[in-house]
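This is what each chain is made of:
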Amino acid sequence: MNHSFDQNSLNRVLYEIINLSSKKFDTLHEKLLASLVQAKNVSGFENGFIGQIEGDQYNILQSDTVSGVLVPNMIFDFGKMLYQELVQKRTTVINGQLQADPAPLFENPVLSDTQAVVGAPIFNEDSVIGALLLCSDIEKTDAALLDFHAHILELIAGQLSHLLRERGILEKLEEDRLLLHMGAELLQMGTYKRCLRTGIVECTDSIYAILDLAPSETVSFDTILPRVVAADKRVVIQNFKRYNPQSIASIEYRLMTRAGTIKWIRHQTNYNAIKKYVLGIVQDITVLKTSLLELDRRNKELEQFAYATAHDLQEPLRTIRGFSELLINSHKEQIDEEGQLYLSFLKDSSERMQQQIEGLLHHSRIGRTGQRITIDLDELVRTTIDDFSFSIIQQEAKVVLLKNLPSIVGYATEIRMLFQNLISNALKFSDPDRKSLVEISYADQGTHYAFQVADNGIGMEASRLDKIFELFVRLNSREAYAGTGIGLTHCKKIVELHNGTIHVSSTPHVGSF
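Residues numbered from 1 in each chain as written. Predicted model: local features only at pLDDT ≥ 70, side-chain atom pairs only at ≥ 80, totals over all residues. Heavy atoms only, no water.

Another aspect to go through is the overall build of the protein. Broken down by element type, the protein carries 13 helices and 18 strands. Taken over 513 residues, the protein has a buried fraction of 38%. Expressed as a percentage of contacts within the protein between residues at least 6 apart in sequence, the contacts between residues at least 24 apart total 59%. Counting every atom, the protein has about 30,000 Å² of accessible surface; 54% of that belongs to carbon and sulfur. (Helix = DSSP H or I, 4+ residues; strand = E, 2+ residues; numbered from the N terminus. Buried < 20%, exposed > 50% of the residue type's maximum accessible area, 1.4 Å probe, protein only. Contact = heavy atoms within 4.5 Å. Areas by Shrake-Rupley, 256 points an atom, 1.4 Å probe, with all protein chains shown as cover.)

In structure tokens form, the structure reads like this:
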């Protein structure tokens, strides 16, 4: 083949490049090979490579060589000269007499006889992501012809840039797909896409195992619904018949398997109103649901045990307290001073224990009675403040709402108890050197409300804050401040009952919130 060049040769090569770029290929590797063959035919070089550059390594994506030794997916290190020119300087490499430069092209003995090389970098925006290389075991002394070949390689490399970008995107998509598949297996999940126009469902294989469908069965509403437990059919029908394009619908229902066992299924759907399809995720949550139900059962047993124990202890305590008072009041002259002191200790201790038992009873009842309703929190808190009118007047304190509070959904009795405890603590732990000020406010965080009860009381050390929500924990002496040490434990349980969190910030002699 004559490899001299003129305007006609250039036009012919440009036409071939354009023609190749528009040609359809079944695979990326076929298109890369076609580009490589084209580059070799134009240049007359016998060895050609298209590869991806990662650091100082060259990963062959496609090759066409005389020896056939260097094949796709082989990785080897660049030589110093090639790395500096292609990667660091991002320029085309042209060298027709490599014997004059002892530095190797690659750290690979197979190419040790190479006498000439032309290489063009392949870019993704400003980064070099690959290279098109042509190598020959024969010296090339015609500098003008080498320059011509280099320009042609640059044009072909430009065409290849989008192919390598596409390959990188496909690799990333494959990695994401693999990670998604691994996560789905771990979480026992399956996915599907249902076209509402045609009714065709595309789904992952795991759907069949999760929904206990035979391979011959189709994944459809009509197949699943007969197996849904009767009590759950209504919510399933409502979810599948009324798609909402504004949100992701999520339901849980029980499914009867072919073996007669019950499975718990979590089903999420997202409706695309424009393209008329539904994306769905189905998850087997039987183990999780069974564990949660068992945990709930045991928690209820513990609450019932605490309630029964506390209830049964009250009567003996009343007896101890009653006889202590009787001995102190009716037999005072017959008991010496030391005996009276012991009886006084006995009476005080039984009173404290009775208060603690009553606190335990209240704690065990939280969330057990009543229903969640819409609560006018502003009205509830204002009436709660009114209940403290005597203490407020006596202390010359102020309890103020900084803004009107919103309405919420919750347990009214428990919410009242929450604010009673918080306001009571704020008034109780007041600083004797200044009048008490308690400020109640809230902030709308979008997904939830953040309420705050702030005071200017005695405060506390930061190192002690993690203990104040524990049962019967007191941070101050009983003589200085009355109480059982269970009020904030009530608060924590009530807040968690409403899917919230509670914490405190405090500075000694400044206040708390």
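Take the confidence of the model for the protein next. Residues shown with low pLDDT carry predicted positions that ought not to be read at fine detail. Here the protein averages 77 in pLDDT, and 76% of its residues register 70 or above. Here helix H1 (residues 7-22) stands out as the least confident element of the protein, with mean pLDDT 56; strand S15 (residues 437-444) is the most confident, with 92. (pLDDT = per-residue confidence, 0-100.)

A few words now on the sheet that holds strand S6 (residues 127-136). Read from one edge to the other, the open sheet built from 6 strands follows the order S3-S2-S1-S6-S5-S4, with strand pairing classed as antiparallel. Strand pairing shows two members of the sheet lacking a second neighbour, strand S3 (75-77) and strand S4 (93-95), which therefore form its edges. On average, each strand axis in the sheet is inclined to that of its neighbour by 25°, with strand direction left out of account. (Pairing = 2+ DSSP bridges. Axes fitted to C-alpha atoms, helices over the stretch in contact; angles between N-to-C directions.)

If you look at the biggest cluster of nonpolar residues, it comprises 32 residues, and the most contacted ones within it are Leu-377, Val-381, Ile-385, Ile-415, Phe-419, Leu-427 and Ile-440. When residues of this core are assigned to their parent elements, the largest contribution, 7 residues, is made by helix H12 (residues 412-428). If sequence neighbours within four positions are ignored, Ile-415 has contacts with Ile-375, Leu-377, Leu-380, Ile-408, Ile-494 and His-498. Counting residues in each nonpolar core, the second largest holds 23 residues, with Ala-39, Phe-45, Ile-122 and Leu-134 among its members. (Core = buried A, V, L, I, M, F, W, Y, C linked by side-chain atoms within 4.5 Å.)

Before going further, it helps to spend a moment on unusual backbone geometry. Even without being glycine, Asp-212 reaches a positive phi, approximately 55°. Along the polypeptide, Asp-212 turns up in the loop between helix H5 (206-210) and helix H6 (221-224). Phi is positive for Glu-396, which is not a glycine, with a value near 55°. Looking at the secondary structure, you find Glu-396 in the loop between helix H11 (389-395) and strand S13 (398-401).

This part takes up the packing of helix H10 (residues 377-387) against H12. In helix packing, the relevant descriptors are the interaxial angle and the interaxial distance, both defined with respect to the helix axes. Running from N to C, H10 and H12 point in directions that differ by 50°, and their axes come no closer than 10 Å. Taken together, the axis directions place H10 and H12 in an arrangement best described as oblique. In the crossing of H10 with H12, the sense of the turn from one axis to the other is right-handed. On H12, the residues that touch Leu-377, Leu-380, Val-381, Thr-383, Thr-384, Ile-385 and Asp-387 of H10 are Ala-412, Ile-415, Arg-416, Phe-419, Gln-420 and Ile-423. Partitioning the contact of H10 with H12 into residue classes produces 8 nonpolar, 3 polar and 2 charged. (Parallel < 35°, antiparallel > 145°, perpendicular 65-115°, else oblique. Left-handed = near helix turned anticlockwise from the far one by under 90°. Nonpolar A, V, L, I, M, F, W, Y, C, P; charged D, E, K, R; others polar.)

For the rest of this paragraph, the subject is a nonpolar patch on the surface. Taken together, Leu-288, Leu-292 and Leu-295 make up a surface patch of nonpolar side chains, about 270 Å² in accessible area. If you trace the backbone, Leu-295 turns up in helix H8 (residues 286-330). (Patch = residues over 30% accessible without salt bridge, like charges linked within 9 Å, V, L, I, M, F, W, Y side chains within 5 Å. Salt bridge = Lys/Arg side-chain N within 4 Å of Asp/Glu carboxyl O.)

With that settled, the discussion passes to H10. Here H10 has its buried residues at Leu-377, Asp-378, Leu-380, Val-381, Thr-384 and Ile-385. What you see down the axis of H10 is that its buried residues fit within an arc of 165°, all on one side. In H10, the exposed positions that point more than 90 degrees away from the buried face belong to Glu-379, Asp-386 and Asp-387. (Arc of directions from axis to C-beta.)

Right, let's get into the packing of aromatic side chains. In total, this model carries 4 aromatic pairs according to the counting rule given. With centroids separated by 6.4 Å and ring planes inclined at 90°, the aromatic side chains of Phe-419 and Phe-451 adopt a geometry described as edge-to-face. With Phe-419 in helix H12 and Phe-451 in strand S16 (residues 449-455), this residue pair connects regions lying 32 residues apart in the sequence. You can call Phe-419 buried: its relative accessible area is 4%. With a centroid separation of 5.9 Å and an interplanar angle of 35°, the aromatic rings of Tyr-442 and Phe-451 are classed as tilted. The ring of Trp-264 carries Lys-289 above its face, with NZ or CZ at 4.8 Å from the centroid. Over the ring of Tyr-442 we find Lys-403, and its NZ or CZ is 5.0 Å from the ring centre. (Phe/Tyr/Trp six-rings, centres within 6.5 Å; stacked < 30°, edge-to-face > 60°. Lys NZ or Arg CZ within 6 Å of the ring centre and 35° of its normal.)

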